[in-house]
Amino acid sequence: MNEPSFQALSQIYFLKRLAQQRKVSAQTINSYRDKFRIYLEFLKGRDYIDAQSVDIEHFGREYILEFCHYLEEKRSNKANTINNRLAAIRSFLKFVAEQNPEYSGIVKYSLMVPFQKEEKATMDFVTKDEFDVMVCLCDMSTPINARDKLMIMILYNSGIRVSELLSLKYKDIHCLDNPGNASLHIFGKGRKERNVPLWKTTAKYITKYTDSFGISGDNRLFKNKNGDNLTRSGVRSRIEKLTALAAEKVPTLLCKNVTAHTFRHSVAMNLLQAGVDISTIAIWLGTQV
């Protein structure tokens, strides 16, 4: 009997183990797929191995160690990002050993590759003045500027995760005809759903934006310049650009690492200062206390 190929095992892993048995969300599955694509890119660059030629031996300890080095040196990934990508590979390898014990030797030594030590990051947040400047840098002159303004407004209003932001559709926004009662219906981690109220200014801008660009029904809110769905890297690059421009007017941004997640910190801080209790904030952000 032929040994099962990497291609067959990965198909079973994604379609059965993750989707059917563990019942993880589509967002999580897509995240794992992205991590595997990066690993396949690494293999292609290292040994000119195309995806059809990859086998389980290419997940040996030597390859995993070099992959971590590649992430750090070539992609400038920090320890937490490297560990996140390593965790996805480890999850797959544990599945492989469970399904096909003949690979246990390879898996055993690959799992011995340690996670990197993570530095505790300073918790930055965006102030109201900094937010106002970032929003003012965007306008309706181009679709990209208009989209960036909506992205910043929703992030600062809701504290939504970047994965949740990217999956937002027009139909997920409720009561736009009554801006004072408008809300986002968010599909979060672990298939949990929540509703987050929108400010009147955010609701009104969403209406202006969607009317201007013909967005309705199942249409995603955020597209790139080619008309494809916006990606995590797209969000990151746009926030970095806006932050750099805003820092010319608000120098306090120069010493901050502003990402999409920074806006979650900002929302939590704003709610705390408004006297909202911790449990309510946790519900708002879709996290645990």
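Our subject is the structure listed above.
Everything numeric here is computed off the predicted structure, so don't read it as measured data.

1. Side note on the environment of Ala203
Relative to the helices and strands, Ala203 is located in helix α9 (residues 200-212). Among the residues examined, Ala203 registers a relative accessible area of 0% and is labelled buried. On a C-alpha basis, the gap between Ala203 and His261 in space is 22 Å, while along the polypeptide they are 58 residues apart. Here Ala203 is in contact with Leu176, Pro179 and Ala182, once residues within four sequence places are set aside.

2. Details of the pairing of strand β3 (residues 193-197)
Side chains of β3 alternate between two faces, with Arg194 and Val196 buried and Glu193, Asn195 and Pro197 left unburied. Note that strand β2 (residues 183-187) and β3 share five bridges and pair antiparallel. Considered in β3, the bridge of Ile186 is made with Arg194. Here β2 folds back onto β3, and the loop between the two strands holds five residues, one of which, Gly190, carries a positive phi near 65°.

3. Considering helix α10 (residues 232-247)
When the terminal C-alpha atoms of α10 are compared, their 22 Å separation across 16 residues agrees well with the 22 Å that a helix rising 1.5 Å per residue should span. Considering only its buried residues, α10 is in contact with α6 (128-136), α7 (143-158), α8 (162-166) and α11 (260-273).

4. Some remarks on the packing of α7 against α11
One way to put it is that α7 packs onto α11 with a least axis distance of 7 Å and a crossing angle of 40°. Considered as vectors, α7 and α11 are oriented oblique to each other. Residues Ile152, Leu155, Tyr156, Asn157 and Ser158 of α7 touch α11, and the partners they reach there are Ala260, Phe263, Ser266, Val267 and Asn270. In terms of residue class, the contact of α7 with α11 is built from six nonpolar, four polar and no charged.

5. Considering unusual backbone geometry
A positive phi is found at Ser76, a non-glycine position, where the angle reads about 55°. Within the secondary structure layout, Ser76 lies in the loop between α3 (61-73) and α4 (79-99). Looking at Ser76, the relative accessible area reads 57%, which means it is exposed. Despite not being glycine, Cys175 shows a phi value in the positive range, around 60°. Relative to the helices and strands, Cys175 is located in the loop between β1 (173-174) and β2. For Cys175, a relative accessible area of 41% corresponds to the partly exposed category.

6. Some thoughts on the packing of aromatic side chains
Counted by the stated rule, this structure contains 22 aromatic pairs. Centre to centre, the rings of Tyr156 and Phe263 are 6.3 Å apart; their planes meet at 90°, and the pair counts as edge-to-face. With a gap of 107 residues between them, Tyr156 in helix α7 and Phe263 in helix α11 connect regions that are remote in the sequence. Phe263 carries the same exposure label as Tyr156, and that label is buried. Three or more aromatic residues joined by ring pairs make a cluster, and in this case those are Phe6, Tyr13, Phe14, Phe36, Tyr39, Phe42, Phe59, Phe67, Tyr70, Phe92 and Phe95. Geometry around Phe125 places Lys256 over its ring, the cationic atom sitting 5.2 Å from the centre.

Rules used throughout
Residues numbered from 1 in each chain as written. Predicted model: local features only at pLDDT ≥ 70, side-chain atom pairs only at ≥ 80, totals over all residues. Heavy atoms only, no water. Helix = DSSP H or I, 4+ residues; strand = E, 2+ residues; numbered from the N terminus. Buried < 20%, exposed > 50% of the residue type's maximum accessible area, 1.4 Å probe, protein only. Contact = heavy atoms within 4.5 Å. Pairing = 2+ DSSP bridges. Expected span 1.5 Å × (residues − 1). Axes fitted to C-alpha atoms, helices over the stretch in contact; angles between N-to-C directions. Parallel < 35°, antiparallel > 145°, perpendicular 65-115°, else oblique. Nonpolar A, V, L, I, M, F, W, Y, C, P; charged D, E, K, R; others polar. Phe/Tyr/Trp six-rings, centres within 6.5 Å; stacked < 30°, edge-to-face > 60°. Lys NZ or Arg CZ within 6 Å of the ring centre and 35° of its normal.

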